[in-house]
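Survey of secondary and tertiary structure
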Amino acid sequence: MFLKGSVYAMRKRLLSAAVALLMLVTVILPVHSSNENSPEEAGTQTLPVAEGVDPVCENGSYALLLDTEEGVFSLYDKEREAIWHSSPEGRFDEDVAKGLFKMSLFSMISMWVIDTEQGNSESLVNSYTESVLANGTEYLLEENGILIRMAFPDSKITIPMKFTLTEHGFSVSINPADIVEDGSKRIKSISLLPYFGAGSSTDTGYLLIPDGSGVLAYFNNGKGAAAMYEEPIYGGDQSRVSSSNVKLTQKTYLPVFGIQKGENGFLAIVTEGAANGFIHAEVSGNRTSYNTACAVFELRSSRTTRIGENEVTDFEQDIKPIQSIAVDYRFCSDGYSGMAAVYKSYLREFRKLPDTASKELYIEFIGTQTEKSSFLGIPYDKTLPLTRFEEAQLMLEQIESLGVSELAFVYTGWSKTEASGKLSKSPSVISSLGGQKGLRQLTGYADEKGISYALGVNLLSYRKGGWFSSLTEDARNISGVSIMRYDYSISTYMQDLKSKPLHYLSYYKIPQKLEQFRKGFQKDEETKHLLLDDISSLVYADYSKKGAVTACHIERAARDGIASLEEGGFTLVSRAANGYALPYLSDIVGAPVSDSLFDLADEAVPFYQLAVSGMIGYSVPAINLSGDPLKLLLKALESGSGLSYIFAADAQKASEVNPVYYSVDLDDWIETLQAQAAIIRERNIRTENTSLKSHQKLADGVYKATYENGAAVIVNYSDADYNSPEGTVNKKGYLFV
């Protein structure tokens, strides 16, 4: 049946706010139960509900409570005896927010709308004033939840939003195809449950933001003047190319956010539509007196064109063909460590691989680099061998002689296609490195010694194609031309138009190219160990003439392609990977260990590592390319990571061709590597290679990481010694406990 809201509740609250909002009573009401084992017992549940609120659905762990008059809902967590509200209880007394921002506190949806009859002007619309108070909200009870159909009479927009109770909490979803836009107004973006679980100015807690390795923004941290956090999930749609890049930030690798309020918290996982989503976070004093985080979904992209001195912005006519946007709210305790455990549990739902512990040491070998040359006045790219296979084996032997017991390596620039910047199709080994025979000798040695390895491949991006491939294989931007992403100059932050642009493979070519790749690489066992990069770490839209697709389509194609390779017997390693790739990886080289230093944030935490520890092996970024090797060692200890180094046999030539490789000579680092590896080895022995269980701050710059077997390590980044109950932790040092 349908239940319809009214404006009566607002009048009632204004007349008797103290009674209607603050007085809790206990009632026994029949509610819909999803507990199949004992329907009678679960169907009659004693629940704490506010006056005017109806329990509409429950299971053994949670109950969904709905106020149809106000257009808000609450979730009751039975185990923790906690109630979470879609809108803050103190919203009527809000004195910071004004106008539409204040009304957003009352709303399940907040959205930016474009008026096509008013020069594409944009306005902020919320579900409370424009749907609930306009008597436009309907509620349809379903088996395990409720469908809320929100009609916005003024905008002539209707949005159906579905809530489903789950064993972990609840999920909320919208199918964009079901949205109706009858007038001149079009939805640009939607914020789902913008103030669910928000912390007030008197609450204690924090927001978990997935910036880099993860950061915390404490409630009421006095940073209301700081810019709000709103960054694209997975780094955003790479079809949008800016002429400059002055914003140096870490990526948002994981499609999550969390709120810890008092002893309880939740992790929200964007399960559908992530590649077209953003994570939004703000603290008290910014727009309201509340601390909150939510997911925002872009339904239309824009394009700005300069005509003379004027700029004209136009938007996509139709809503992006996103299959669904959905967020899964899962409730927990134990702070961000508990949230990480929740996300790990979610990832395991898709994982078939056995668990992998972090190695002691990960090495990257630079096989080749290209430099510009000419023959008879004709320019061409010359491939320079930097580390031959036999040289790599000699370095491995030297490293093993230091006592390193858990070792892995990755090899880049080993094949003709990868080295030349083309898509990988077949394992065409570069002869100057030692050819197929040399590669087999190296991998045979690795197999004999129990050393893991992976070979670099290009699956979605390439720098070298040709006019024909640009016509038939390139993904296209919103203007219909090939996406071309140039490198940015370190000195000017502008595009370096002399560099070779990066192209992306069209969505419609991905299945075909991946099948060609699979057939070519599955023939030999040594080429079934892959180092992924592009397919596990980037998303982009493709405005192909065959039909425009969103970054979500690329995300899905990439995820399915990675899963297919894993199911086909390939061992997959990746550089820092996006969330959709994690269930299919054995190891991650260079997992993020820092954040973007946004003013809003207070603490960087190893949430990324907590979420994958014990399931996937991982390392810190290359220590010998860091300005502070000691800090990276401490990061490895704090986050349960392995070490990582990058080397080339011809280190001088490597640095001449690419200044990034300014310090890749093994001989320069052998003593540091030996000392650091011994420290990580001791940690692994003490922890018995168990997973990282929890992480906590002890003091400014001092953190404690505890493992499943009870062993722990305290790291001290500060400039003063720290006295802990277990002993003194030297400045810039660590202590095993």
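One can find the structure itself at the top, above this paragraph.
As a starting point, this report considers the structure included with it. (Residues numbered from 1 in each chain as written. Predicted model: local features only at pLDDT ≥ 70, side-chain atom pairs only at ≥ 80, totals over all residues. Heavy atoms only, no water.)

Within the largest apolar cluster, 178 residues are counted, with the highest numbers of intra-cluster contacts made by Phe 163, Phe 170, Tyr 329, Tyr 343 and Leu 582. Looking at this core element by element, the count peaks at eight residues for helix H12 (residues 551–567). Once residues within four sequence positions are removed from consideration, Tyr 343 is found in contact with Leu 254, Pro 255, Val 256, Leu 267, Ile 269, Gly 579, Leu 582, Phe 607 and Ala 611. (Core = buried A, V, L, I, M, F, W, Y, C linked by side-chain atoms within 4.5 Å. Buried < 20%, exposed > 50% of the residue type's maximum accessible area, 1.4 Å probe, protein only. Helix = DSSP H or I, 4+ residues; strand = E, 2+ residues; numbered from the N terminus. Contact = heavy atoms within 4.5 Å.)

Moving on, we come to the side chain of Ser 596. Positionally, Ser 596 belongs in the loop between strand E38 (587–589) and strand E39 (603–604). At 2.7 Å, the side chain of Ser 596 forms a polar contact with the backbone nitrogen of Gln 250. Once residues within four sequence positions are removed from consideration, Ser 596 is found in contact with Asp 211, Thr 249 and Gln 250. (Polar contact = N/O pair within 3.5 Å; in protein donor to acceptor, adjacent residues only side chain to side chain.)

In the sheet, strand E9 (residues 109–115) pairs with strand E10 (residues 121–126) via six bridges, with the strands oriented antiparallel. By the bridge assignment for E10, Asp 115 is matched with Ser 121. Connecting the antiparallel pair E9 and E10 is a turn made up of five residues, with Gly 119 showing a positive phi of about 65 degrees. (Pairing = 2+ DSSP bridges.)

Looking now at the packing of helix H7 (residues 389–400) against helix H16 (residues 666–687). Viewed as axis vectors pointing N to C, H7 and H16 meet at an angle of 25 degrees, and their least axial separation amounts to 11 Å. Our classification of the angle between H7 and H16 gives roughly parallel. Handedness of the crossing formed by H7 with H16: right-handed. Where H7 approaches H16, its residues Met 395, Gln 398 and Ile 399 are matched on the opposing element by Leu 666, Asp 667, Ile 670 and Leu 673. (Axes fitted to C-alpha atoms, helices over the stretch in contact; angles between N-to-C directions. Parallel < 35°, antiparallel > 145°, perpendicular 65-115°, else oblique. Left-handed = near helix turned anticlockwise from the far one by under 90°.)

For the rest of this paragraph, the subject is the sheet that holds strand E44 (residues 712–716). Spatially, E42-E43-E44-E47 is the arrangement adopted by the four strands of the open sheet, whose pairing is antiparallel. One side of each edge strand has no neighbouring strand; the edge strands of this open sheet are strand E42 (692–699) and strand E47 (733–736). Geometrically, the sheet is characterised by an average inter-axis angle of 20 degrees between neighbouring strands, direction not taken into account. Here five bridges tie strand E43 (residues 702–707) to E44, and the two strands are oriented antiparallel to one another. Note that in E44 the partner of Val 702 across the bridge is Asn 716. On the sheet, helix H14 (residues 629–639) packs against E42, E43, E44 and E47 and is oriented at approximately 150 degrees with respect to E44.

Let us now look at the pairing of strand E41 (residues 643–647). Where burial is concerned, most of E41 is hidden: five out of the five residues are buried. Direction of pairing for strand E27 (residues 361–366) relative to E41: parallel, over a ladder of five bridges. When the sheet's bridge partners are listed, Phe 365 is paired in E41 with Phe 647.

With that settled, consider helix H6 (residues 335–348). With 14 residues, H6 ought to run about 20 Å at 1.5 Å a step, and its terminal C-alpha atoms sit 20 Å apart, in line with that. Among the 14 residues in H6, 11 count as buried, and that is most of the element. Among the residues of H6, Gly 335, Tyr 336, Ser 337, Gly 338, Met 339, Ala 340, Val 342, Tyr 343, Lys 344, Tyr 346 and Leu 347 are the ones counted as buried. (Expected span 1.5 Å × (residues − 1).)

This part takes up the environment of Phe 736. Along the chain, the position of Phe 736 falls in strand E47. As for Phe 736 and Glu 117, which are separated by 619 residues in sequence, their C-alpha atoms are 66 Å apart. In contact with Phe 736, not counting residues within four places along its chain, are Leu 637, Ile 679, Glu 682, Arg 683, Arg 686, Ala 712 and Val 713.

What follows is about the sheet that holds E41. Across a sheet, paired strands are connected by hydrogen bonds in the backbone, their directions being either parallel or antiparallel. Pairing in this open sheet of eight strands is parallel, and the strands run E40-E38-E37-E34-E31-E30-E27-E41 from one edge to the other. A strand with exactly one partner marks an edge of an open sheet, and here the two such strands are strand E40 (617–618) and E41. The strands touched by H7 within the sheet are E27, strand E30 (407–412) and E41, with E30 carrying the most contacts at an inclination of about 160 degrees.

With that settled, the discussion passes to unusual backbone geometry. Phi is mostly negative for residues that are not glycine, and the peptide bonds are mostly trans. Phi at Leu 193 takes a positive value of approximately 45 degrees, unusual for a residue other than glycine. One non-glycine residue, Glu 688, lies in the positive phi region at around 55 degrees. Position of Glu 688 relative to the elements: it lies in the loop between H16 and E42. Judged by relative accessible area, Glu 688 falls into the exposed class, the value being 57%.

What follows covers the packing of aromatic side chains. Under the counting rule described, the total for this entry stands at 38 aromatic pairs. Geometrically, the ring pair formed by Phe 73 and Phe 196 is stacked, given 5.8 Å between the ring centres and 15 degrees between the ring planes. Of this pair, Phe 73 sits in strand E7 (residues 72–77) while Phe 196 sits in the loop between strand E16 (185–192) and strand E17 (205–209), and the two are 123 residues apart along the sequence. The burial state of Phe 73 is the same as that of Phe 196; both residues are buried. (Phe/Tyr/Trp six-rings, centres within 6.5 Å; stacked < 30°, edge-to-face > 60°.)

This next bit is on the packing of helix H11 (residues 510–521) against H12. To characterise two packed helices, one gives the angle between the axes of the helices and the distance between these axes. It is at 11 Å that the axes of H11 and H12 come closest, and there the two elements cross at 20 degrees. By the angle class used here, H11 and H12 are roughly parallel. Relative to H12, H11 is oriented so that their crossing is right-handed. The segment H11 lies against H12, with Ile 510, Leu 514, Phe 517 and Arg 518 engaging Ile 554, Ala 557, Gly 561 and Leu 565.

What follows covers the pattern of salt bridges. Applying the stated criterion across every chain, the model contains 32 salt bridges. The salt bridge involving Glu 349 is made with Arg 330; its shortest N-O contact spans 3.1 Å. Remark: Arg 330 occurs in strand E26 (residues 325–332) and Glu 349 occurs in the loop between H6 and E27; sequence separation between them is 19 residues. Across the salt bridge formed by Glu 682 and Arg 686, the nearest N and O atoms sit 3.0 Å from each other. Pair noted here: Glu 682 and Arg 686 are both in helix H16, with a separation of four residues, about one helical turn. Classification of Glu 682 by relative accessible area gives partly exposed; the value is 32%. A single salt-bridge network, built from bridges that share partners, covers Asp 237, Arg 240 and Glu 298. (Salt bridge = Lys/Arg side-chain N within 4 Å of Asp/Glu carboxyl O.)

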